[in-house]
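Structural description and commentary
The residues making up each chain are set out below.
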Amino acid sequence: MRNESIDDKRPLASIPLQTLIYFDFVFSVPNIIQIKHIYFVLQLLIFIYKGYGLYYASNLLSLDIFILVLSAFIQYPRLELGSIGNKTESPNQIMWLLLLCFPMAFFFFYFMLLQTYVLLAELVINIIGLIFLAFEIAFSVFAFLSFKNYEKTQ
């Protein structure tokens, strides 16, 4: 009897998902207090290089920078919802994390394939971003199903 009550209170939160979300925060989310947003700093440095070192139409450069800022405004809530949803075992917030993965995948593919100039550094950092995204999707689906199954049994 006692073992059953302990199993019922076992946390369902996914440690691999939380670890991925943390390192994705470190990799990609701009944080004003601490310099730990590798992706956006590198992208901005690359855009500065492109603006001064390559022939780049100013309207296209401003469009690319706008898309980068827009991706930051989607990435932060996506990771925050995923982190909170995982810690509170909320399937609704995990669902939002999954839904916001699609625009982020578009942004990563845009910066890899659809820009005027794509540098090797951009290719590498966007592939890393897509790898984070793929693993987060996989672990989020498992966490979502786990949380939904637990809700059904309650």
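Residues numbered from 1 in each chain as written. Predicted model: local features only at pLDDT ≥ 70, side-chain atom pairs only at ≥ 80, totals over all residues. Heavy atoms only, no water.

1. Observations concerning the packing of aromatic side chains
This structure, assessed with the given rule, holds 7 aromatic pairs. Centroid distance phenylalanine 106 to tyrosine 110: 6.3 Å. Interplanar angle 35°. Geometry classified as tilted. One end of the pair is phenylalanine 106 and the other is tyrosine 110, both in helix H5 (residues 91-114) and 4 residues apart, which spans about a single turn. For phenylalanine 106, a relative accessible area of 46% corresponds to the partly exposed category. According to the relative accessible area criterion, tyrosine 110 is buried, its value standing at 10%. Linked through ring pairs, Phe47, Phe106, Phe107, Tyr110 and Phe111 together constitute an aromatic cluster. (Phe/Tyr/Trp six-rings, centres within 6.5 Å; stacked < 30°, edge-to-face > 60°. Helix = DSSP H or I, 4+ residues; strand = E, 2+ residues; numbered from the N terminus. Buried < 20%, exposed > 50% of the residue type's maximum accessible area, 1.4 Å probe, protein only.)

2. Side note on helix H3 (residues 38-53)
The end-to-end C-alpha distance of H3, which contains 16 residues, comes to 22 Å, matching closely the 22 Å that a straight helix rising 1.5 Å per residue would cover. Within H3 the residues assigned to the buried category are Tyr39, Phe40, Gln43, Ile46, Phe47 and Lys50. Down the axis of H3, the sector holding all buried residues measures 125°, keeping them to one side. Residues of H3 that are exposed and angled more than 90 degrees away from the buried face: Leu45 and Tyr52. Contacts from the buried residues of H3 go to helix H2 (15-28), helix H4 (58-88), H5 and helix H6 (120-153). (Expected span 1.5 Å × (residues − 1). Arc of directions from axis to C-beta. Contact = heavy atoms within 4.5 Å.)

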